[in-house]
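Coordinate analysis (summary)
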Amino acid sequence: MRFGLVHRVMTNALAALGVIALVASGQFNRYVSWAILIGLGLALLVRESWQRHPAFRYVDTGALLLVIAVQGIRIVFTDASVLDVLVEFAAALQIIRLATRKGAAHDQQVIVLALLHLIAGTVLGGGLGYGLCFLGVLIVAPGALVLSHLRREVEGNYRQGARDRTGLPVDVPRILRSRRVVGRSFLAVTCLLSIPIFAFTALLFVIFPRVGLSLLLLNRGHTGRMIGFSGKVDLGAVGVLRSDPKLAMRVEIPGLPDPPPARLTMHLRGTALDAYDGRTWSQSESFKRPAETDAGLVSIERFPDPAADPVMRIDLEPIDPPVIFLPPSATGLRFKHRGQLGIDTSTVAHRGPEGELRYHPVDDRGLVYDVFLSRKRAPTFQRLAPTERRRYLALPEDLPPRIVELAEAWTHGLERPVEMARAIEARLRAEYRYDLASPSGKSPQPLDHFLFESKRGHCEFYSTAMAILLRAVDVPARNVTGFIGGTYNRFGRFYAVRQGDAHSWVEVYIDGEGWLTFDPTPPADAAPKSELVGVWAYLRDFIEATSQRWDRHVVGYDLNQQVSLFQTLTSRYRRSSAGGEPALPRQQLLAVAAVALAAGGGLLYWRFRRGRRARDDGGAEAGRSPSAILATALYESLEAAMLAQGIPRPPSTPPLRHAETLELAAHPLAHEILTLTQVYLRARFGGETLTEEDSRDFERRVKALRSADLRALSSAEVGVHASP
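Now for a look at the structure at hand. (Residues numbered from 1 in each chain as written. Predicted model: local features only at pLDDT ≥ 70, side-chain atom pairs only at ≥ 80, totals over all residues. Heavy atoms only, no water.)

Some words on the overall build of the protein chain
- Of the regular secondary structure elements, the protein chain holds 23 helices and 19 strands.
- Counting only residues that meet the buried cut, the protein chain has 43% of its 724 residues in that class.
- Sequence-distant contacts in the protein chain: of pairs separated by 6 or more residues, those separated by 24 or more amount to 76%.
- Accessible area of the protein chain: about 38800 Å², with a carbon and sulfur share of 60%. (Helix = DSSP H or I, 4+ residues; strand = E, 2+ residues; numbered from the N terminus. Buried < 20%, exposed > 50% of the residue type's maximum accessible area, 1.4 Å probe, protein only. Contact = heavy atoms within 4.5 Å. Areas by Shrake-Rupley, 256 points an atom, 1.4 Å probe, with all protein chains shown as cover.)

This is the structure in structure tokens:
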């Protein structure tokens, strides 16, 4: 393996991992991320010969000034975040340096920038993508640092006029092309250095006190908005979310059957809307007040019973607005507080209109909370004041009369509100077709067009139709947006709810029971759409489960987990010291023993292979005749003499071809070199025997070659002629 090539590959890998760690943090928007990745790829494709071209002399300075000017304009004339601009500049600086580097000094700058990018990625993201980049850096960095130092020393010696042991100036290109500097053992040792580095880093991570990210004052609100959970929803603008596979939350549900259902409908409520003007749903009220709390529990309409109520855990990704999603039978919730030193980062819940709950984002890591469920499956919201009833019966002023007539026809002969709701729900499910691209959204009266013309639409049309039809027959109803449910993850044992599972349904108030959930959208169209089988589904589940564990045990590693870990280790040590159960369970002891045996077996096998190779080499050496061994040693002295005369034999050129090339070039020493080479070949491969006298004669002639004055030989047209 060539020294220069290996050094360049490892440096490129380190730089790429640093830039990818920045991109994986999610700090950039999609277009900037693609621009950075494309620029990185183009910079890695620039050849070293191009970088030394005179035209590249001022490219780095010009590109740097251009980037500074562009980023400065963005800060002054746009609303771009200063943090975004600085991080983008750091990535652009690495791309410029990769494309214009001209030696070991620039390569060391590339390595320093890569390590700084990795540190920045820790603060900005820290997700699973960053974790993979971190492991890659641990493996590549030791080799890249060592090779960069070696190349810096070589180039420094060349600039200082150093010479090698033969007296010739240091040939940097030749050293970079050499295959003797870097071998497999070097790469193996440098890569294995990542193991103690990783162990030391993990030890620091476990024992060092946790400090909240809020101390860095760098995080800001998440910019990705999931449409449909704000206080205003246009009837013709929702539905496209059904094709978005991005993960929105992970839900862990107690008491699942074995095996658990592949898909589960949960109706996770986010926002409710009470006012409809004929096209748009909105909230007629606007207020925000702190939710009632007691000993860490948040009350919804009553406080839960933590000792008896089942618990559902929800791991919510960052969302804007920061809505808290609840199932239909929630009694209360409890936030998972991150135990951190420094600023108090406790999550605070706020109550809004229509029973909506929101939280104040502490950082960009979303929210983890436990939801307590009613044991009797009682609805979450059970009260409706008589003075508020009118709001849920209001109809648009320009509502076509035939909509009211349709509601009366569908509920004819029914007296109980719950029967009316079930009848309307059944008619909508049976007689209408689900369609994300419904033409009714462009109509001046979208609901009328949906009910009587197109008879096809997405969930917003179905929920709007049911709510308005119920209001037309004097049954209070409101529109609700949230997530319909999720798909079971076989590795993480949770339900993955995606943005494509966003949905809309109806809450109907029934006297004596409360607000009950009804979903008029056909069940087959309202169900989660994620794939269940296939290679992609398995790979997706594995990545999402790994990401959850990474977020929970690495990114979310806090003071509580730290204290719990130390308490567990301390209790096991005490039980072991007291003569009780062993500090480690038997299965763990067997696993440790198996790993130790595997490592020991691998080491023994490596020693065996190494010894066998040495024996094979020794056997090959022993199989050669004494004359062949002597001829090899004599020819090595001839090569040293040729090197001293400035005519070394390249490693890829055979001895005879090198001598014949010198003969064709009419070199003054060519004839003598050709004669001695033929002596070597006859003894090495022809089976001829070299006597002691032949050996002394060969050495004398080589000494004469080394001390020959080429200028005198050339002017006098004499050569060193040996006797046959």
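And the narrative resumes.
Here we look at the side chain of D107
- Mapped onto the elements, D107 comes out in helix α6 (residues 104–124).
- Residue D107 is classed as buried on the basis of its relative accessible area of 4%.
- Those residues within four positions of D107 in sequence are excluded, and the remaining contacts are H7, T11, R101, S148 and R151.

So, the packing of helix α13 (residues 446–454) against helix α14 (residues 459–472)
- Contact geometry for α13 and α14: axes closest at 10 Å, N-to-C directions at 95°. In terms of their interaxial angle, α13 and α14 are classed as roughly perpendicular. In this structure, α13 uses P446, L447, F450 and L451 to contact α14, whose residues at the interface are F461, Y462, T464, A465 and I468.
- Among the residues forming the contact of α13 with α14, the class breakdown is eight nonpolar, one polar and no charged. (Axes fitted to C-alpha atoms, helices over the stretch in contact; angles between N-to-C directions. Parallel < 35°, antiparallel > 145°, perpendicular 65-115°, else oblique. Nonpolar A, V, L, I, M, F, W, Y, C, P; charged D, E, K, R; others polar.)

Digging into α13
- Taken together, the buried positions of α13 are occupied by P446, L447, D448, F450, L451 and S454.
- K455 lies just past α13 and shows a positive phi near 55°.

Focus on unusual backbone geometry
- That bond from D258 to P259 is cis: its omega, 0°, falls within 30 degrees of zero.
- Examined against the element boundaries, P259 turns out to sit in the loop between β2 (247–252) and β3 (263–273).
- Positive phi values are uncommon outside glycine, yet R377 reaches one of about 60°.
- Mapped onto the fold, R377 is located in the loop between β13 (367–373) and α11 (401–410).

Focus: the sheet that holds strand β12 (residues 357–359)
- Spatially, three strands are ordered β6-β11-β12 in an open sheet, and the strand pairing comes out antiparallel. At either end of the open sheet lies a strand with only one pairing partner, and these are β6 (289–290) and β12.
- Sheet topology note: the strand β11 (residues 349–351)/β12 ladder contains three bridges and is antiparallel. Residue pairing across strands places R351 opposite L357, the latter belonging to β12. (Pairing = 2+ DSSP bridges.)

Comments concerning the environment of L40
- Turning to its location among the elements, L40 is positioned in helix α2 (residues 30–45).
- When the C-alpha positions of L40 and I96 are compared, they lie 8.9 Å apart, and in sequence the two are 56 residues distant.
- Residues within four places of L40 in sequence aside, it is in contact with A16, V19, I95 and L98.

Quick notes on the packing of aromatic side chains
- Tallied over the entire structure, the rule returns 13 aromatic pairs.
- On the numbers, 5.4 Å between centres and 35° between planes, the contact of F450 with F461 is tilted. One end of the pair, F450, is in helix α13; the other, F461, is in helix α14, and eleven residues separate them in sequence. Each of the two residues, F450 as well as F461, counts as buried.
- One aromatic cluster is present, formed by W410, Y432, F450, F461 and Y462 through successive ring pairs.
- One cation-aromatic arrangement involves R478 over F381; the distance from NZ or CZ to the ring centre is 5.8 Å.
- A cation over a ring is seen here: R478 above W515, with NZ or CZ 3.9 Å from the ring centre. (Phe/Tyr/Trp six-rings, centres within 6.5 Å; stacked < 30°, edge-to-face > 60°. Lys NZ or Arg CZ within 6 Å of the ring centre and 35° of its normal.)

Points about the sheet that holds strand β1 (residues 232–234)
- Taken in spatial order, the three strands make up an open sheet running β1-β5-β4, and their pairing is antiparallel. Only two strands of the sheet have a single partner each, and these edge strands are β1 and β4 (275–276).
- Relative to strand β5 (residues 280–282), β4 runs antiparallel, the two sharing two bridges. Following the sheet pairing, Y276 is matched in β5 by W281.
- Contacting β1, β4 and β5, α14 crosses the sheet at an angle of about 75° to β5.

A look at the nonpolar core
- If you look at the biggest cluster of nonpolar residues, it comprises 38 residues, and the most contacted ones within it are L428, L451, M466, L470 and V508.
- Only α11, α12 (417–431), α13, α14, β18 (502–510) and β19 (514–518) provide two or more residues apiece to this core.
- If one sorts the elements of this core by residue count, α14 sits on top with ten residues.
- With residues up to four places along the chain from it excluded, the contact list for L470 reads M420, A421, I424, V475, A477 and V508. (Core = buried A, V, L, I, M, F, W, Y, C linked by side-chain atoms within 4.5 Å.)

Digging into the pairing of β13
- Taken across its seven residues, β13 has seven buried, putting it largely inside the fold.
- Of the two faces of β13, the one carrying L367, Y369, V371 and L373 and the one carrying V368, D370 and F372 are both buried.
- As paired elements, strand β10 (residues 330–335) and β13 share five bridges and run antiparallel to each other. Directly across from G332, in β13, lies its bridge partner F372.

As for the pattern of salt bridges
- In the structure shown here, the tally under the stated rule is 34 salt bridges.
- Of the charged contacts, one joins R97 and D60 as a salt bridge, the two residues approaching to 4.0 Å between their closest N and O atoms. Separated by 37 residues along the polypeptide, R97 in helix α5 (residues 82–100) and D60 in helix α4 (residues 59–77) bring together distant segments of the chain.
- With a relative accessible area of 14%, R97 lands in the buried category.
- You can call D60 buried: its relative accessible area is 15%.
- D274 serves as the salt-bridge partner of R391, at 2.6 Å between the closest nitrogen and oxygen. (Salt bridge = Lys/Arg side-chain N within 4 Å of Asp/Glu carboxyl O.)

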